[in-house]
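Structural overview
One letter stands for each residue in the lines below.
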Amino acid sequence: SLDQNIWIFDADGRRIDGPEPPRSLRSTVARRSRSEAGRSVDVHGRVRVLARPVRRPGSTTTGAVVVAALDLAPYEHAERRSLWLSLGLGLLAVVAAGAAAWAASGYALRQVRRMARRADDWREHDLTGRFDLGAPRDELTELADTLDRMLDRIAQAILTERRLTDEVAHELRTPLTVIRSEAQLAQLRG
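Conventions adopted
Residues numbered from 1 in each chain as written. Predicted model: local features only at pLDDT ≥ 70, side-chain atom pairs only at ≥ 80, totals over all residues. Heavy atoms only, no water. Salt bridge = Lys/Arg side-chain N within 4 Å of Asp/Glu carboxyl O. Buried < 20%, exposed > 50% of the residue type's maximum accessible area, 1.4 Å probe, protein only. Helix = DSSP H or I, 4+ residues; strand = E, 2+ residues; numbered from the N terminus. Patch = residues over 30% accessible without salt bridge, like charges linked within 9 Å, V, L, I, M, F, W, Y side chains within 5 Å. Areas by Shrake-Rupley, 256 points an atom, 1.4 Å probe, with all protein chains shown as cover. Lys, Arg positive; Asp, Glu negative; His and termini not counted. Charge placed at Lys NZ, Arg CZ, Asp CG, Glu CD. Expected span 1.5 Å × (residues − 1). Polar contact = N/O pair within 3.5 Å; in protein donor to acceptor, adjacent residues only side chain to side chain. Pairing = 2+ DSSP bridges. Axes fitted to C-alpha atoms, helices over the stretch in contact; angles between N-to-C directions. Contact = heavy atoms within 4.5 Å. Core = buried A, V, L, I, M, F, W, Y, C linked by side-chain atoms within 4.5 Å.

Following the criterion strictly, the structure yields seven salt bridges and no others. When the shortest N-O distance is used, the salt bridge between Arg14 and Asp12 registers 3.7 Å. The exposure class of Arg14 is exposed, given its relative accessible area of 52%. The partner of Asp145 in a salt bridge is Arg149, with the nearest N and O atoms 2.5 Å apart. On the criterion of helical spacing, the pair formed by Asp145 and Arg149 is a turn pair, its members being four residues apart in helix 3 (residues 139-189).

A few words on a positive patch on the surface. Together, Arg110, Arg113, Arg114, Arg117 and Arg118 line one region of the surface with positive charge. Classification of Arg114 by relative accessible area gives partly exposed; the value is 40%.

The end-to-end C-alpha distance of helix 3 is 74 Å, a good match for the 75 Å that 51 residues give at a rise of 1.5 Å each. Listed as buried for helix 3 are Thr141, Ala144, Asp148 and Ala155. Capping the start of helix 3, Asp138 holds a side-chain oxygen 3.3 Å from the backbone nitrogen of Leu140, two or three residues further along.

A word on the sheet that holds strand 5 (residues 62-71). Here five strands make up an open sheet; going across it, the order is 2-1-5-4-3 and the pairing antiparallel. The sheet terminates laterally at strand 2 (15-17) and strand 3 (39-43), the two strands that pair on one side only. Direction aside, neighbouring strands of the sheet carry axes that sit 30° apart on average. Bridge count for strand 4 (residues 47-55) against strand 5 is nine bridges, and the pairing is antiparallel. Within strand 5, the position partnered with Val47 by the bridge is Asp71.

This part is about a nonpolar patch on the surface. There is a patch of nonpolar side chains on the surface, built from Leu164, Val168, Leu172, Leu176 and Ile179 and spanning about 500 Å² of accessible area. With respect to the helices, strands and loops of the structure, Leu176 is situated in helix 3.

Of note in this structure, Asn5 is not a glycine but carries a positive phi near 65°. Tracing the backbone through its elements, the reader meets Asn5 in the segment before strand 1 (6-10). Although it is not a glycine, His44 sits at a positive phi angle of roughly 55°. Following the sequence through the fold, His44 ends up in the loop between strand 3 and strand 4. On the accessibility criterion, His44 (61% relative accessible area) is exposed.

Turning to the environment of Arg118, a few remarks are in order. Along the polypeptide, Arg118 turns up in helix 2 (residues 73-125). Taking the C-alpha atoms as reference points, Arg118 and Arg130, separated by twelve residues in sequence, lie 8.7 Å from one another. Leaving out residues up to four positions away in the same chain, Arg118 has contacts with Arg130 and Phe131.

This paragraph deals with the nonpolar core. Core analysis: the biggest nonpolar cluster contains eleven residues, these being Trp7, Phe9, Leu25, Val29, Val43, Val47, Val49, Ala51, Val65, Val67 and Ala69. Counting residues per element, the ones that place at least two in this core are strand 1, strand 4 and strand 5. Setting aside residues no more than four positions away along its own chain, Ala69 makes contact with Asn5, Trp7, Leu25, Val47, Arg48 and Val49.

What follows covers the side chain of Thr141. As for its placement among the helices and strands, Thr141 is situated in helix 3. Side chain to side chain, Thr141 and Asp138 meet in a polar contact 2.9 Å long. What Thr141 contacts, discounting residues up to four positions off in sequence, is Leu133, Ala135 and Pro136.

Written out as structure tokens, the structure reads:
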């Protein structure tokens, strides 16, 4: 006797070998037992039935028909399991990429925050502070170099403004001193 779910039928459609087909497949197997060409059909989407005619040696007539049924449930289980595994691995890859991007951006932003704190400290205490990171080799050192040049221009502008206010103050002090002196002399002469 052959494996379960395999049947052999003679040319007239009588079962030669194989167990009695299950009730859910009897009509499908009976229709396929007289097939002249190889065909497959799905029964309720759960079982695939395949019929293959066997030719007589040296003839074109069918001597027998082999009908086999295959339960698709294990394949569907494997397909679902593969789908869930693929989804899980895809989600894991997205999470890993997100974590790597978060770490990389955190490192870059930490450098920017440190530069901002230093610049804020200089604003309060010292106009001569600079980052002095050397020649630009990446975006952050290029930013530091640009900010250093900008701070040089700002410091130069502030020094120019101080010189101007000192000169204006000097120019105003001299006439005021003369006016005050003459007013005090005028009071003395009374």
